[in-house]
Number of protein chains: 2
Amino acid sequence: MNRRRLVVVGADGAGMSAAHQALRVSRSRGVDLEVIVFEKTGHTSYSACGIPYWMAGDVESADALVARTAGEHRSMGVDLRMHHEVMALDLASGKVEVRDLEESRTCTVGFDDLMLATGAEPVLPDWARGVPGALPVKTLDDGYAWRTLLENKPTSALVVGGGFIGVETAETFARLGVATTLVTRGEEPMSSSFDPHMAALVRKGLEQAGVEVVTGVEVNALGSLGPSPAGAGAANGTRDDATQPGVRVACAGGAEYEAEVVALGIGVRPRVRLAMEAGLPIGRHGGLVPDEQQRVQDGVWAAGDCCEVYNRTLRSHWFVPLGTHANKAGRVAGTVIGGGTASFPGIVGTAITRAGRAEVARTGVLRKWLPQMGLNEDDVAVVTVDSTTASGYMPEADPITVCVVGEKGIGRLLSCQIVGGRGAGKRIDTAATAMWAGLRVDEVAMLDLAYAPPFSPVWDPVQIACRKLADRL
Amino acid sequence: MNRRRLVVVGADGAGMSAAHQALRVSRSRGVDLEVIVFEKTGHTSYSACGIPYWMAGDVESADALVARTAGEHRSMGVDLRMHHEVMALDLASGKVEVRDLEESRTCTVGFDDLMLATGAEPVLPDWARGVPGALPVKTLDDGYAWRTLLENKPTSALVVGGGFIGVETAETFARLGVATTLVTRGEEPMSSSFDPHMAALVRKGLEQAGVEVVTGVEVNALGSLGPSPAGAGAANGTRDDATQPGVRVACAGGAEYEAEVVALGIGVRPRVRLAMEAGLPIGRHGGLVPDEQQRVQDGVWAAGDCCEVYNRTLRSHWFVPLGTHANKAGRVAGTVIGGGTASFPGIVGTAITRAGRAEVARTGVLRKWLPQMGLNEDDVAVVTVDSTTASGYMPEADPITVCVVGEKGIGRLLSCQIVGGRGAGKRIDTAATAMWAGLRVDEVAMLDLAYAPPFSPVWDPVQIACRKLADRL
C-alpha cells in the first residue's frame, strides 16, 4: 500500500482539526496517511477568542488557552513542525517550500493533499504600526505584550474599532478599572453586526460598564506622546516597554485623543498571500472559497479564517472569522481527505459576546444587507420586544430585548438580535437553529421550548417576538 | 349582524389565552363576539409553576404570580365571572348550567362556542387526604396554606413524589434550611422524564443541595403523629394549623418516615369530569384529545391541562400538563374561534427545572418509550458527554453532561437530556428546535450556534454530543 501524505499549513483550529480527523478517518479505513503540519509561530491550537479574557485576568496563563500542546499533537501521530514557515506552494508538482526559522534552512516537501489553514491577520494600516503602547488583540504574542503593558496599570486606554474584538477589549479594560474610550467609525458599536436600534443597546451596555463610546469617527493616525522619561525604565528595573510614554490618536475630523495604551481592533482579513501567489482564486471578501467538502481544487483544501463561508440565508459567501466555523470546516476537510464523507453546510451568521454586563447576540441578515438578497424594507416586517430572561416575578429575571425580522409572503425568519441580562445571549441558538432549518416565523412561535420560572417566561422571549412578527407578516 | 357567544370554562392560561385571542381576532374581522368566562375559584391567570418559588420566598406575594387580575381581564372586554362553577354541559342544545358559588344560585347560559379549559387536578388517593400538615403543591390556595405552614419554621419535611413538582418543592424546602427527604417509587427522581444515568445526576443535584433521596419506595399511608399539644396554639396566639403535630408516612415495604410537613407531588391528571359526563371522548392518558385547531367536536374546543397533546416524535398523544403548552394551544383555539387560521403543531416533550444548583432539562423520548415507536435498543445509539458551559479556561465554565439518542438508519435525533451548572439547561432548546424541525443528528452537529468563551466551548456541548452520536449512527 502506498503511503499518502497530507501537508497542512497552519496549526490552529482549522489545521489541527483537519490533521487529526484525516488521521482518524484514514486509519479507520486502513489507509496509511502521513500528516505533516507546518506552523510558523511557536504556538499551536490556541483560543484567540480567549485573549481579552486572559488580559482581564479571568484566565491565569496563556497555557490555559492552548487546547493541545505541540507535544500532545505529536503523541497523537501528527508530525507537527513548529517555527516552520511555508514560503511558497508549487501546486503543479505537489510541493511546498518550507523555511525552518530556527535553523534558517529551507527545504522542499512533497504532498498528495495540501490543506491551507493560514488564518486571518489583523488589518493594520501603516499609521497603526510601530507606535509603542498601540497593539492589536489577535495573537498569543499580542496577548503576552498586552499582559506586560497591563502590569504597569495604565490609567487610560483607547480602543480603536467597534467590532467584536474592540467591544471585548473595551470591556476588559473597564473591568480592570482603566478609564476606557472606544472609538468607532460606525454610527454605533457593532453596527456591522446589529441593526441600529439594537446596536444602541450594545452601546448602552458598554457605557453602563464605564466605557466612553465615541461613534462616527475614523482614526487615521497614531503618534507617540514623546520619548520615555530618560532612564526611568532602567532605574526602576522594569522593561523598556513598561515605560512607553502614551499614544496620541488622531481622527479624520480633527479630533484627538490621548491614552496610555491603545488597542487596535480595526478588523481582520484572510491571510491568503501564499494562496494568491500560487494562483488560487480569491473570493469577493478576500478569502479562499472552498466547496462544501472544503476543496479549493483537486488535492487542495482550505478551512478556517483564510476562507469565506457560505451563508445559508444570504445564499452567498461571507467572511466570518470565527473559531467555531474553523473547527467544523477543518473537521469536514479532514474527514474527506481521510476518505470519508462530510460536508460543511454553511452558516447563518450567529455570534455572541458581552458588552459590559449585557449579553449581545445575533444571527441572520442585517436590514442593510437586504438588497443583496433582492429584498427591500417593504418585503420584511420587524418586531422588537422587551421581555425578561426568567418569569417576571423571579429574582433571576433580567431584561431582554429581542428583535426579529421576517420575510413577507413566505414568512421565513431572516434575522434575530438579542441584548439582555444573564441568560439572554444563548437564546440566539433557538433562532439560529430555526433559521438553519428554514422554519417560518409562525413555526418558531409554536416551538416546544423549555419553560420553568427560573429560566423563562411562559412564552420564551424569542417566541414572543416571533408570535408578534407572525401577526405582522 | 348576529352576536355570537363563546363560553369558556376555566380562567387560567389556556382559557384566558383563548378568550382574549378570540376577542382580538373576531374584532379584527368585524365579528361581534361575546366572551363569558366562568371560574369556580377566586383566582385567575396565575402561574402554578411559580408556587414552589413563592414558598421559597423568591416571590414576595401571590399577587406577583397573577399575570392578569380579574379586573384587568374585564377591562379588556372579557365577561369574567369568578366563583362561578359550571356544573353541567348540554352540548346538544348549546347550554351550560352554572352555579354562582357566592350567591348560591344556579342558572343556564347558552353558547355558540364552548371552550373547555378546566386544567388538571392533583392525584390524591384517599390515604393522602385530610392529614394536617400534608398538602399538594398545585393551586394558589395550596400555596397560601404552605406559606402558613412554613411560617412556623418546620425543621423537617418529606416530599412524596419525584416528578417536577416533587423535585422543585424539595429544592425549596432545602433552600429554606428544612431537613428534607424526597421519597419516590421510581428508581431515581424524575425517572419518568430522564433515562436512568441522567436521572442519577438529578439525584446528585438534590443530594448536593442537602436533600435525602429515597428511591424505589411507594408511600401508601399518611397519619397524624398525634393531637396538637393542648392549648399550645391558643397560648401562643397562633392559628391552629400552626400546631399540627407532624405526619407519619408509611411505605409499601414497611418503612416509615416522620416529618413535620409533607408535600404531595404524586402527579396530576386532566380534570375532565364535566366533559365525560357530557359524553365527550377521552383519550388513552385520560385527557380530551382535540384536533390541531383544538376542536373536540363542532363548536366545542379545549386546551391546556385538561387535554392530551400531540408528541411529534412519538406520533401519538401524551399528557404533558405545562403552562407553555396551555398558553399556546389556548391561543390557537381563540384564533380559530375568532375566525382566523391557526394550528397547534404539537410538542417534542421539552421540560426544564432545577435540582439544587443543577439545571436539568430534557426533550424527546425516553429509551423505555422506544417500543411505543416500534423501536428497540438495537435501533438507536446513545452518547453521553461531559463538557463545560463556557470555554474550559473561563471562570464561567460549569460542568455539563449531555446525553443524546439517535435513530440508526435515518439518523434523526430522538432525545436530548442535559444536567449541568449555570447556563446548561436552556441549551435543550437547540435540541428541541432541531427535533421539532426533524433535523438529523449530523446536521445538529454542524449548526451555527453562538460561540464566545464566556458562553460556550468552541463546539457547543449539544454539538459535541451530536458529533459523537453521528459517528456512531
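Source: prediction; values computed, not measured.

Quick word on the side chain of B:Ser193
Residues and elements named next belong to chain B. One can find Ser193 in the loop between strand S11 (179-183) and helix H7 (196-208). By relative accessible area, Ser193 is classed as buried at 12%. With near-sequence residues (within four places) excluded, Ser193 lies in contact with Phe164, Arg362 and Leu366.

Quick word on the packing of helix H1 (residues 13-28) of chain A against helix H9 (residues 323-337) of chain A
All names here are of chain A. At their nearest, the axes of H1 and H9 sit 7 Å apart, and the two run at 30° to each other. Classified by the interaxial angle, the pair formed by H1 and H9 is roughly parallel. Here H1 runs over H9; the crossing is right-handed. For the pair formed by H1 and H9, the contact residues are Gly13, Ala14, Ser17, Ala18, Gln21, Ala22, Arg24 and Val25 on the first element and Ala326, Asn327, Gly330, Arg331, Gly334, Thr335 and Ile337 on the second. Counted by class, the contact of H1 with H9 contains 6 nonpolar, 7 polar and 2 charged residues.

What to know about the sheet that holds strand S6 (residues 105-110) of chain B
Residues and elements named next belong to chain B. Reading across from one edge, S4-S5-S6 is the order of the 3 strands in this open sheet, with antiparallel pairing throughout. Edge positions in the sheet fall to strand S4 (84-90) and S6, since each of these pairs with one other strand and no more. Ignoring strand direction, the axes of neighbouring strands in this sheet form an average angle of 25°. Summarising the sheet, S4 and strand S5 (residues 95-100) pair through 6 bridges and their orientation is antiparallel. Each residue of the ladder has a partner; that of Leu89, found in S5, is Val96.

Comments concerning the interface of chain B and chain A
Taken together, the contacts link 61 residues of chain B with 61 residues of chain A. Between chain B and chain A, a total of about 5300 Å² is buried, with carbon and sulfur atoms accounting for 66% of that surface. Contact with chain A buries surface across chain B, with B:Tyr393, B:Asp448 and B:Phe455 losing the most and accounting together for 15% of the total. Joining chain B to chain A, the criterion identifies 6 salt bridges. Here B:Asp471 and A:Arg331 are joined by a salt bridge, their closest N and O atoms 3.3 Å apart. Counting across the interface, chain B meets chain A through 23 residue pairs in polar contact (both at pLDDT 80 or more).

Some words on the domain arrangement of chain A
Residue and element names in this part refer to chain A. Domain annotation of chain A identifies domain 1 (4-119 + 268-337), domain 2 (124-264) and domain 3 (357-472). Counting residues at the interface gives 6 residues for domain 1, matched by 8 residues for domain 3. Where domain 1 abuts domain 3, roughly 710 Å² becomes buried across the two surfaces, and 56% of that area is made up of carbon and sulfur atoms. The largest share of the area that domain 1 buries against domain 3 comes from Arg312, Thr313 and Leu314, three residues that together contribute 71% of it. On inspection of domain 1 and its partner domain 3, the count reaches 0 salt bridges. Its residues assigned to classes, the side of domain 1 that touches domain 3 comprises 2 nonpolar, 1 polar and 3 charged.

Here's the deal with the confidence of the model for chain A
Residue and element names in this part refer to chain A. With 96% of its residues at a pLDDT of at least 70, chain A reaches an overall mean of 93. Counting interchain partners and residues more than four positions distant, the pLDDT-below-50 stretch residues 228-242 has 14 contacts. Quick note on the complex model: pTM equals 0.94, ipTM equals 0.94.

Concerning the side chain of A:Thr353
Residues and elements named next belong to chain A. As for its placement among the helices and strands, Thr353 is situated in strand S22 (residues 351-355). A residue is classified by how much of its surface remains accessible, and Thr353, at 0% relative accessible area, is buried. Polar contacts involving the side chain of Thr353 include one to the side chain of Glu168, which spans 2.6 Å.

Looking at the sheet that holds strand S9 (residues 134-136) of chain B
Working definition: the strands of a sheet are paired by backbone hydrogen bonds and lie parallel or antiparallel to each other. Residue and element names in this part refer to chain B. What the 5 strands build is an open sheet, ordered S9-S16-S10-S11-S12; its pairing is parallel. Strands at the two margins of the open sheet, each flanked by one partner only, are S9 and strand S12 (211-214). Recorded for the sheet is a direction-independent mean angle of 20° between the axes of neighbouring strands. The strands that helix H5 (residues 140-151) touches are S9 and strand S16 (261-264); relative to S9, the one it contacts most, it runs at about 145°. Packing of H7 onto the sheet brings it into contact with S11 and S12, and relative to S12 it is tilted by some 140°.

Details of the nonpolar core
Membership of the largest hydrophobic core comes to 238 residues, with the highest contact counts inside it found for A:Met115 and B:Met115. Sequence-distant contacts of B:Met115, defined by excluding residues within four places in its chain, comprise B:Leu6, B:Val7, B:Val8, B:Val9, B:Ala14, B:Ala18, B:Trp301, B:Ala302, B:Ala303, B:Gly330, B:Ala333 and B:Ile337. Counting residues in each nonpolar core, the second largest holds 23 residues, with B:Phe38, B:Ala275, B:Val300 and B:Ala302 among its members.

Focus: the relation of the copies chain B and chain A
With an axial shift of 0.0 Å and an RMSD of 0.0 Å, the rotation relating chain B to chain A amounts to 180°. Put plainly, the chains are arranged around a two-fold axis. Rotation axis and chain B: the residue whose C-alpha lies nearest the axis is B:Thr430, separated from it by 2.7 Å.

Notes on the pairing of S22(A)
The side chains of a regular strand alternate, first on one face of the sheet and then on the other. All names here are of chain A. When you tally the buried positions in S22, you get 5 out of 5 residues, the bulk of the element. On S22, burial covers both faces: Ala351, Thr353 and Ala355 on one face and Ile352 and Arg354 on the other are all buried. Pairing of S22 with strand S23 (residues 358-364), which is carried by 5 bridges, proceeds in the antiparallel orientation. The partner of Thr353 across the bridge, within S23, is Val360. Here S22 hands over to S23 after 2 residues, with Gly356 in that stretch at a positive phi of 70°.

So, the pattern of salt bridges
Counted by the stated rule, this structure contains 53 salt bridges over all chains. In this structure, the salt-bridge partner of A:Asp429 is A:Lys426, at a minimum N-O distance of 2.7 Å. The exposure class assigned to A:Asp429 is buried, which follows from its relative accessible area of 2%. Here A:Lys426 falls in the buried class, since its relative accessible area comes to 16%. One salt bridge connects B:Glu188 with B:Arg203, and the closest N-O pair in it is separated by 3.1 Å.

Some points on the environment of B:Ala117
Residues and elements named next belong to chain B. Residue placement: Ala117 occurs in the loop between strand S7 (113-116) and strand S8 (120-122). Separated by 105 residues in the primary sequence, Ala117 and Asp12 place their C-alpha atoms 7.6 Å from one another. If sequence neighbours within four positions are ignored, Ala117 has contacts with Val9, Gly10, Ala14, Gly15, Ala303 and Cys306.

Examining the packing of aromatic side chains
Taken as a whole and assessed by the stated rule, the structure comprises 6 aromatic pairs over all chains. The interplanar angle of 55° and the centroid separation of 5.4 Å between the aromatic rings of A:Trp146 and A:Phe173 together place this pair among those described as tilted. Of this pair, A:Trp146 sits in helix H4 (residues 140-151) while A:Phe173 is found in helix H5 (residues 164-175), placing the two residues 27 residues apart along the sequence. In this structure, A:Trp146 and A:Phe173 share a single accessibility class: buried. A:Lys328 extends its terminal NZ or CZ atom over the ring of B:Trp459, reaching a point 5.3 Å from the ring centre. Here the basic side chain of A:Arg467 rests over the ring of A:Trp459, its NZ or CZ set 4.5 Å away from the ring centre.

Parameters and conventions
- Residue numbering note: each chain is counted from 1, following its sequence as written.
- Chains carry letters and ligands carry numbers; both start at the beginning, A for chains and 1 for ligands, and go up in the order they are written.
- In view of the model being predicted, local features appear only for residues whose pLDDT reaches at least 70, and side-chain atom pairs are presented and counted only at 80 or more, with totals across whole chains, interfaces and linings using the full set of residues.
- With hydrogens and water excluded, all non-hydrogen atoms of the structure serve as input to the side-chain values.
- Going along the chain from the N terminus, every DSSP run of H or I of four or more residues is numbered as a helix, and every run of E of two or more is numbered as a strand.
- Burial here depends on accessible area, computed with a 1.4 Å probe over protein chains only, as a share of the maximum for the residue type. Under 20% is buried, over 50% is exposed, and the range in between is partly exposed.
- Whether two residues are in contact is decided by their heavy atoms, any of which lying within 4.5 Å being enough.
- A fitted line through C-alpha atoms serves as each axis, taken over the contacting stretch for helices, and the angle formed by two N-to-C directions is quoted from 0 to 180°.
- Oblique is the label for any angle not covered by the other classes, which are roughly parallel (under 35 degrees), roughly antiparallel (over 145) and roughly perpendicular (65 to 115).
- The handedness criterion is simple: a crossing whose near helix is rotated anticlockwise from the far helix by less than a right angle is left-handed, and one whose near helix is rotated clockwise is right-handed.
- The classification used treats Ala, Val, Leu, Ile, Met, Phe, Trp, Tyr, Cys and Pro as nonpolar, Asp, Glu, Lys and Arg as charged, and all other residues, Gly among them, as polar.
- Two strands qualify as a pair provided DSSP detects at least 2 bridges between them.
- By buried area we mean the combined loss of accessible area, with a 1.4 Å probe, across both parts when two parts are placed together.
- Any Lys or Arg side-chain nitrogen located within 4 Å of an Asp or Glu carboxyl oxygen qualifies as a salt bridge.
- Whenever a nitrogen or oxygen atom comes within 3.5 Å of another N or O atom, the pair is scored as a polar contact, on the condition that within protein one atom can donate a hydrogen and the other can accept it, and that pairs from neighbouring residues in sequence are kept only if both atoms are in side chains.
- Residue ranges for the domains originate in an automatic or database domain assignment.
- Per-residue confidence from the predictor is given as pLDDT, running between 0 and 100.
- Here, nonpolar core refers to any group of buried Ala, Val, Leu, Ile, Met, Phe, Trp, Tyr and Cys residues whose side-chain atoms link them within 4.5 Å.
- What sets the superposition is a least-squares fit of C-alpha atoms, and only residues with pLDDT of at least 70 in both copies go into it.
- Each Phe, Tyr or Trp ring (for Trp, its six-membered ring) is paired with any other whose centre lies within 6.5 Å, and the angle between the two planes then decides the class: stacked below 30 degrees, edge-to-face above 60, tilted in between.
- Only when the NZ atom of a Lys or the CZ atom of an Arg is both within 6 Å of the ring centre and within 35 degrees of the ring normal do we say a charge sits over the ring.

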